Amino acid sequence: MTSVLTSIISGVREDLAVRMQNVSIETLQAQIAKLPPALPAAQLLSNRSFSVIAEVKRASPSKGHLAQISDPAQLALDYQSGGAQVISVLTEERRFGGTLADLDAVRSKVSIPVLRKDFMVDDYQVWEARAHGADLILLIVAALSDSELERLNSLALTLGMSVLIEVHDAQELERALALNPALVGVNARNLKTLEVDLATCFELLPLIPEHIVAIAESGISSTQEVQDLANCGAQAVLVGEALVTGGTPSETVREWTQAGELARANYLLNGS
């Protein structure tokens, strides 16, 4: 595990301990019992030729404050109107400025699946995600042992959620594929340096079996990059910074979705 990741997870565990003191798992389970079933995010993404997963992202460890998002629900609605298929909501507070309140706000307004994006290290967070209306969660291979990955993945599936398994290199991809995942994300960000290199995506995306939805993450900032990634096997892109700092999120989502669909069609036409 990298030093940056270790530092982030240390803070996550401290904040988690406070929440566990304040809200019991039994309370979360009672909340879940009152909710409608989670939306089938993995199936919806699989059925589409190409999708944009648009992220509500206030800050990042590498760049600090990104955007003043006074109304995360309205931003999510803008994403949805532009054709986003999933809304990702960062809920990690110390480095990303997110909260579960952001997740609640977004879930209350949009009709499409919502991803709780956080550093999941404990069963409690999975129950918590579902209790706050998340339809899918992120599991980062670099942050978890094989047994932890299997346990958290199994719990999320049992609760009816989809799971996005995130990898950064070929070894992590091998570990991810052992779970028979529906969704695999390739994160172009180096967790040691926080630098982004899309070459990671171009290297790993072609290694993901065709029946799995391959998702490119981090550092995507142009229509050309979206096209290049789709031509390399990406069936979706997860984008935050470029959308919250660009000024026209709905238009960008629409443009990138169309560009990705065309490139994906070309990719499939040419026999992958």
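The structure under discussion appears in the preceding block.
None of the values given here were measured: they were computed from a predicted structure.

**Some points on the sheet that holds strand β4 (residues 86–90)**
On the basis of which strands lie adjacent, the closed barrel formed by eight strands has the order β1-β4-β5-β6-β7-β8-β9-β10 and parallel pairing. Along the sheet, successive strands turn relative to each other by an average axial angle of 25 degrees, direction set aside. The pairing of strand β9 (residues 213–217) with strand β10 (residues 236–239) spans three bridges and is parallel. Within β10, the residue paired with I215 across the bridge is A236.

**Some thoughts on the environment of A76**
By secondary structure assignment, the location of A76 is in helix α4 (residues 72–81). Sequence separation between A76 and V114 is 38 residues, and the spatial gap between their C-alpha atoms is 9.7 Å. Setting aside its immediate chain neighbours within four residues, A76 contacts I87, V106 and V110.

**Thoughts on the nonpolar core**
One finds I87 and L205 to be the most contacted residues of the largest nonpolar core, which totals 95 residues. Not counting the four nearest positions on each side in its chain, L205 is found in contact with V186, A214, I215, A216, L229, C232 and A234.

**Describing the packing of helix α6 (residues 123–131) against helix α7 (residues 146–158)**
Where α6 contacts α7, the two axes come as close as 10 Å, and the packing angle between them is 25 degrees. Considered as vectors, α6 and α7 are oriented roughly parallel to each other. Helix-helix and strand crossings are classified by hand; for α6 and α7 the assignment is right-handed. Between α6, through D123, V126 and W127, and α7, the contact on the second element is made entirely by R151, L152, L155 and A156. Among the residues forming the contact of α6 with α7, the class breakdown is five nonpolar, no polar and two charged.

**Considering α7**
Here α7 contains 13 residues, and its C-alpha end-to-end distance of 18 Å stays within 8% of the 18 Å for a straight helix at 1.5 Å per residue. Residues of α7 that are buried include every one of L149, L152, N153, L155 and A156, and no others. Projected down its long axis, α7 shows its buried positions confined to an angular sector of 165 degrees, all on one face. Among the exposed residues of α7, those pointing more than 90 degrees away from its buried face are S147, E150 and T158.

Thresholds, definitions, all that
- Residues numbered from 1 in each chain as written.
- Predicted model: local features only at pLDDT ≥ 70, side-chain atom pairs only at ≥ 80, totals over all residues.
- Heavy atoms only, no water.
- Pairing = 2+ DSSP bridges.
- Helix = DSSP H or I, 4+ residues; strand = E, 2+ residues; numbered from the N terminus.
- Axes fitted to C-alpha atoms, helices over the stretch in contact; angles between N-to-C directions.
- Contact = heavy atoms within 4.5 Å.
- Core = buried A, V, L, I, M, F, W, Y, C linked by side-chain atoms within 4.5 Å.
- Buried < 20%, exposed > 50% of the residue type's maximum accessible area, 1.4 Å probe, protein only.
- Parallel < 35°, antiparallel > 145°, perpendicular 65-115°, else oblique.
- Left-handed = near helix turned anticlockwise from the far one by under 90°.
- Nonpolar A, V, L, I, M, F, W, Y, C, P; charged D, E, K, R; others polar.
- Expected span 1.5 Å × (residues − 1).
- Arc of directions from axis to C-beta.

Any link to function would need more than the numbers given here.
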